[in-house]
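One letter stands for each residue in the lines below.
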Amino acid sequence: MIDINLLPEHLRPIKRSPLPHIISIALLVGVLVVLASDYLNSMREIAASEDELATLQTELDTLMVYVEEAEQLAEQKGLLADKIEAIDDIVSDRIIWSRQLWNLSRLAPPNFWYSGIRVVDRQFRERRTDWDRDREEYVTQDTTVRRPVLEVSGYVAPERGGADVSPLMQAAEQDPEFSAMFQLEPPTFRDTEFEGYAVRSFTLEFIIEPGASHD
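Everything in this summary refers to the structure shown in the same document. As the structure is a prediction and not an experimental result, all values here were calculated from the model. In this convention, every chain numbers its residues from 1, walking through the sequence in written order. Where local features are concerned, this predicted model is filtered to residues with pLDDT of at least 70; where side-chain atom pairs are given and counted, the filter is 80 or more; whole-chain, interface and lining totals use all residues. Neither water nor hydrogens contribute to the side-chain values; these are computed over all heavy atoms in the structure.

**What about a nonpolar patch on the surface?**
Two joining distances apply to patches: 9 Å for like charges and 5 Å for nonpolar side chains (Val, Leu, Ile, Met, Phe, Trp, Tyr), and every residue must have over 30% relative accessible area and no salt bridge. Every accessible area reported is derived by Shrake-Rupley at a probe size of 1.4 Å, with residue values counting cover from the shown protein chains alone. Any Lys or Arg side-chain nitrogen found within 4 Å of a carboxyl oxygen on Asp or Glu counts as a salt bridge. Where nonpolar side chains cluster on the molecular surface, the patch consists of Leu-19, Ile-22, Ile-23 and Leu-27 and spans about 400 Å² of accessible area. Along the polypeptide, Ile-22 turns up in helix H1 (residues 19–93). Every helix listed is a DSSP run of H or I at least four residues long, and every strand listed is a run of E at least two residues long, numbered separately from the N terminus.

What follows is the structure in structure tokens.
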């Protein structure tokens, strides 16, 4: 059978090619494939990064144990250094009293003898200059401090017409070793009797210099 289209040319339906639709669909599919590939690659990279992060976190946790141990060792080292320094200070400042008792015996003239040797605390008035933060200037004021004192008491027998305490005082002040640790304060003495003999009793006080300590 033969079909004859009797419609005028301008009324006849236009036959369109499917090629543009095919190309559009192909491009869309290509774009979707590229997007899907990029998405999968991104997911793989994220998964790999997460695995690497987990591995690094595990290594970090392991290293933190050593870091904490190192910090503890450093802290213990600091404490040990402080203790060593304190011990060195104590040892360097400690007064060897057996040595000082020997010095007192060595310094005493033949007509002297001791009745008591002890270390006591005494109050002293001192003038100190300190920085006043409120006034922003140095302020000098008197203050009371307690300091250790070596108290030496005894007797001196008359010799060549009198009982004089000065020889022991001079010997103590002029002896380099003893005077480096002990500073003589004004003495007290009085004339008295000892077992029926006229003698002079004395009490000498020596301020223990700062930095020295006693057992």
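Now, onward.
**Details of the side chain of Asn-111**
Along the polypeptide, Asn-111 turns up in the loop between helix H2 (97–107) and strand E1 (112–132). The class of Asn-111 is buried, set by a relative accessible area of 12%. Polar contacts involving the side chain of Asn-111 include one to the main-chain carbonyl oxygen of Ala-157, which spans 2.9 Å. Ignoring any residue separated from it by four or fewer positions in sequence, one finds Asn-111 in contact with Tyr-155, Val-156, Ala-157 and Glu-159. Exposed residues in this analysis have more than 50% of their type's maximum accessible area, buried residues have under 20%, and partly exposed residues fall in between, with area computed by a 1.4 Å probe over protein chains only. Contacts described as polar in this section are N or O atom pairs within 3.5 Å, which, within protein, must combine one atom able to donate a hydrogen with one able to accept it, while residues neighboring in sequence count only if both atoms come from side chains. Between two residues, a contact is recorded if the distance between any of their heavy atoms is within 4.5 Å.

**Structural notes on the nonpolar core**
Here, the term nonpolar core denotes a set of buried Ala, Val, Leu, Ile, Met, Phe, Trp, Tyr and Cys residues that are joined through side-chain atoms within 4.5 Å. Phe-178, Phe-182, Leu-204 and Phe-206 are the most contacted members of the largest nonpolar core, which totals 21 residues. Looking at which element gives the most residues to this core, the answer is strand E5 (residues 197–208), with 4 residues. Among all residues touching Phe-178, those that are not within four sequence positions of it are Gln-100, Asn-103, Leu-104, Leu-107, Leu-150, Ala-172 and Phe-206. In terms of nonpolar packing, the next biggest core, distinct from the first, is built from 5 residues, Val-120, Phe-124, Val-145 and Ile-207 among them.

**Quick look at H2**
Three or four residues apart is the spacing at which side chains of an α-helix point the same way, because the helix has 3.6 residues per turn. Every buried residue of H2 is accounted for by Trp-97, Gln-100, Asn-103, Leu-104 and Leu-107. The buried side chains of H2 occupy one side of the element, clustering within an arc of 110° when seen end-on. Away from its buried face, by an angle of more than 90 degrees, H2 presents the exposed residues Ser-98 and Ser-105. The inward-facing, buried residues of H2 abut E1, strand E2 (137–156), helix H3 (166–174), helix H4 (176–179), strand E3 (182–184) and E5. What the arc describes is the spread of directions from the helix axis to the C-beta atoms.

**Focus: the packing of aromatic side chains**
A pair of Phe, Tyr and Trp rings is counted when the ring centres sit within 6.5 Å of each other, with Trp represented by its six-membered ring. The angle between the planes then sorts it: under 30 degrees is stacked, over 60 is edge-to-face, the rest tilted. Applying the stated criterion to the full structure yields 7 aromatic pairs. Seen from their ring centres, Tyr-155 and Phe-194 are 5.1 Å apart, and the 40° between their planes marks the pair as tilted. Here Phe-194 lies in strand E4 (residues 188–194) and Tyr-155 lies in strand E2, a separation of 39 residues in the sequence. Taken together, the ring pairs connect Trp-97, Phe-178, Phe-182 and Phe-206 into an aromatic cluster.

Shape descriptors only; they carry no functional weight alone.
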